Amino acid sequence: MIAAAIVALSLAATAPPPHKFLAVDARRHRVTITLIASYDGENVGFNFDGYSRDLMWTVPRGWTVRVLCTNRGPLRHSCAVVKGADSTKPAFRGAATPHAQLGLEAGHTARFTFRASAKGVYRFACLVPGHESARMWDVLKIVRSGKPSVVDLRAG
């Protein structure tokens, strides 16, 4: 019984490969990023895709970014692109789920699209109060050129 619980916990802590959540349409200069809030038990459910502050998404400036945000957990969660820690204002026009500070109910999905118009370092964050400070965020870099990518920063 104890061994089964240990195995279950170790499996829950293994996040899927990050590229599973990235789809690139190079011809149209469009990227689709899937953020699943509370994907698993990592960081007590305060995670996107099973990662808590561990993913870095890179998108070239000028590309269209489509975000699919699903709340898999029991608490409300949201997805937004912000500049800096604890910001509640989206960094780009339209770069947040509706009512981002209230969040999506469990099992709900929302989409948003924005243009990566300015180079810089941003965050994908949950704007429900207290969730970003609980490490529910990942890094988004808008770069001058190149190809969209996502990497696990722990793989270093």
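Residues numbered from 1 in each chain as written. Predicted model: local features only at pLDDT ≥ 70, side-chain atom pairs only at ≥ 80, totals over all residues. Heavy atoms only, no water.

Caption draft 1: Representation of the overall build of the protein within the structure. Helix and strand counts for the protein come out as 1 helix and 9 strands. Going from the N terminus to the C terminus, the protein shows its helices and strands as α-β-β-β-β-β-β-β-β-β. Against the compact-globule benchmark of 15 Å for 156 residues, the protein has a radius of gyration of 15 Å, which places it among compact chains. When the backbone C-alpha atoms are referred to their principal axes, the protein occupies close to 55 × 30 × 25 Å. For the protein, the proportion of contacts with a sequence separation of at least 24, taken over those separated by at least 6, is 71%. On the protein, roughly 8,200 Å² of surface is accessible, and the fraction owed to carbon and sulfur atoms is 56%. If the 21 positive side-chain charges of the protein are averaged to one point and the 10 negative ones to another, these points end up 12 Å apart. (Helix = DSSP H or I, 4+ residues; strand = E, 2+ residues; numbered from the N terminus. Rg over C-alpha atoms; globule rule 2.2 N^0.38 Å. Contact = heavy atoms within 4.5 Å. Areas by Shrake-Rupley, 256 points an atom, 1.4 Å probe, with all protein chains shown as cover. Lys, Arg positive; Asp, Glu negative; His and termini not counted. Charge placed at Lys NZ, Arg CZ, Asp CG, Glu CD.)

Caption draft 2: Up close: the environment of Asp 40. Within the element layout of this structure, Asp 40 appears in the loop between β2 (30-37) and β3 (55-60). Distance in space between the C-alpha atoms of Asp 40 and His 19 is 17 Å, their sequence separation being 21 residues. Of the polar contacts made by the side chain of Asp 40, one reaches the backbone nitrogen of Glu 42; its length is 3.0 Å. (Polar contact = N/O pair within 3.5 Å; in protein donor to acceptor, adjacent residues only side chain to side chain.)

Caption draft 3: Local environment of the pairing of β2. Of all 8 residues that make up β2, 6 are buried, and the element is covered over most of its length. In this sheet, β2 lies alongside strand β1 (residues 22-25) in antiparallel orientation, the contact comprising 4 bridges. The residue bridging Ala 23 from the neighbouring strand is Thr 32, located in β2. Between β1 and β2, which follow one another and run antiparallel, lie 4 residues, and His 29 among them has a positive phi close to 50 degrees. Bridge count for β2 against strand β4 (residues 64-71) is 8 bridges, and the pairing is parallel. (Buried < 20%, exposed > 50% of the residue type's maximum accessible area, 1.4 Å probe, protein only. Pairing = 2+ DSSP bridges.)

Caption draft 4: Highlighting the sheet that holds strand β5 (residues 80-82). Taking strand neighbours across the sheet as the criterion, the 5 strands line up as β5-β7-β8-β3-β9 in an open arrangement whose pairing is mixed. Strands with a single pairing partner mark the edges of an open sheet, and in this sheet they are β5 and β9 (149-152). The sheet shows a mean angle of 25 degrees between the axes of neighbouring strands, taken without regard to direction. (Axes fitted to C-alpha atoms, helices over the stretch in contact; angles between N-to-C directions.)

So yeah, pure geometry; function would need other evidence.
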